[in-house]
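Commentary on secondary and tertiary structure
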Amino acid sequence: MKKLLWIVIALMGVNHVANAQSKWGEDSVKCRENLYIYYELAKSKNYAEAYEPWTYVYENCPASSKNNVIFGPYIVEAKLKAATTDEEKAKLAELLYSVYDTRIELYPDDEAYALERKGLDMLQHSPDSLQDIYKIFKRGLELSNEHSAAFYNAYFITAARLYNAKEFEIKDVFQAYSVVQEGLEYNTDVLNREITSLKTKQEDSTITEKETKELEKAERELGRFDDVVSNNNKVLGPIATCEKLTLIYNEES
């Protein structure tokens, strides 16, 4: 019995070592060194200089720290902005998107946020991939309706561009508009409640420095949501002509 117990303990120890090795890669010392180097550079926003050590960590030991996928997009984006050839830009763009995929794989709870950021970056760097971008946004919205104003703005713009490219029908645009409006209303309500609560503390002089920053951030984001409502209405205007609306209602009747 004792012999069996020692065998189990030994196997558990081997398994622990194997897990540690897989987290830190084949060369744990080199992984730790590069992680420290890029992390210190990234903290100071020296993203371009952080690219080489970050690349080593991302390729050899991506699970060693969540910072690999948190700072990764900023680091790759800096390299992407400095790229001079279409080939280099395309390669870096794919690397950028892969960082979000890796984040989803390693940290599934972050999927909605990672999809938001991936879709926004794809809209900037791969604007011709509208169908893929729209699917990413739609999946992100299925997971959560708590997204940034930028997300909802991009979601509807993507739908409008698909319509202009004759890949969407007018009813698809209105469906996207309806979904976006619901999301805007939900997030605006959340922000208004947060702002009201924090302003009460401000009036009572019980608000902390951290809460003051949160209040300022919430007010800025609320302003952005208001801008999205205005922008989306402007985008919808030329699409929602009386003639097209009549066609929709005739189809539904």
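For the structure given in this document, a descriptive report is provided here. (Residues numbered from 1 in each chain as written. Predicted model: local features only at pLDDT ≥ 70, side-chain atom pairs only at ≥ 80, totals over all residues. Heavy atoms only, no water.)

1. With respect to the overall build of the chain
Assigned secondary structure in the chain consists of 12 helices and 0 strands. Ordered by position from the N terminus, the helices and strands of the chain form the series α-α-α-α-α-α-α-α-α-α-α-α. For the chain, buried positions account for 38% of its 253 residues. Within the chain, contacts between residues at least 6 apart in sequence are counted, and of these 62% link residues at least 24 apart. For the chain, the accessible area works out to roughly 15,600 Å², and carbon and sulfur atoms hold 52% of it. (Helix = DSSP H or I, 4+ residues; strand = E, 2+ residues; numbered from the N terminus. Buried < 20%, exposed > 50% of the residue type's maximum accessible area, 1.4 Å probe, protein only. Contact = heavy atoms within 4.5 Å. Areas by Shrake-Rupley, 256 points an atom, 1.4 Å probe, with all protein chains shown as cover.)

2. So, the nonpolar core
Membership of the largest hydrophobic core comes to 65 residues, with the highest contact counts inside it found for Tyr38, Ile75, Tyr152 and Tyr155. With sequence-adjacent residues up to four places away left out, Tyr155 is seen in contact with Tyr134, Phe137, Lys138, Leu141, Ala176, Val179 and Val180. (Core = buried A, V, L, I, M, F, W, Y, C linked by side-chain atoms within 4.5 Å.)

3. Section: the environment of Thr208
With respect to the secondary-structure elements, Thr208 resides in the loop between α10 (170-203) and α11 (209-239). In the structure, Thr208 is positioned 10 residues away from Leu198 in sequence and 9.6 Å away in space, judged by C-alpha atoms.

4. A look at helix α5 (residues 72-82)
Residues Gly72, Pro73, Ile75, Val76, Glu77 and Leu80 constitute the buried set of α5. Those residues of α5 that are buried lie in contact with α2 (28-43), α3 (47-60), α4 (67-70), α6 (86-106) and α7 (111-125).

5. Topic: the pattern of salt bridges
Under the definition given, this model contains 11 salt bridges. Between Arg103 and Asp110 there is a salt bridge; the shortest N-O distance is 3.1 Å. Summarising the burial analysis for this pair, Arg103 and Asp110 share the class buried. When salt bridges that share partners are traced, they join Lys66, Arg103 and Asp110 into one network. (Salt bridge = Lys/Arg side-chain N within 4 Å of Asp/Glu carboxyl O.)

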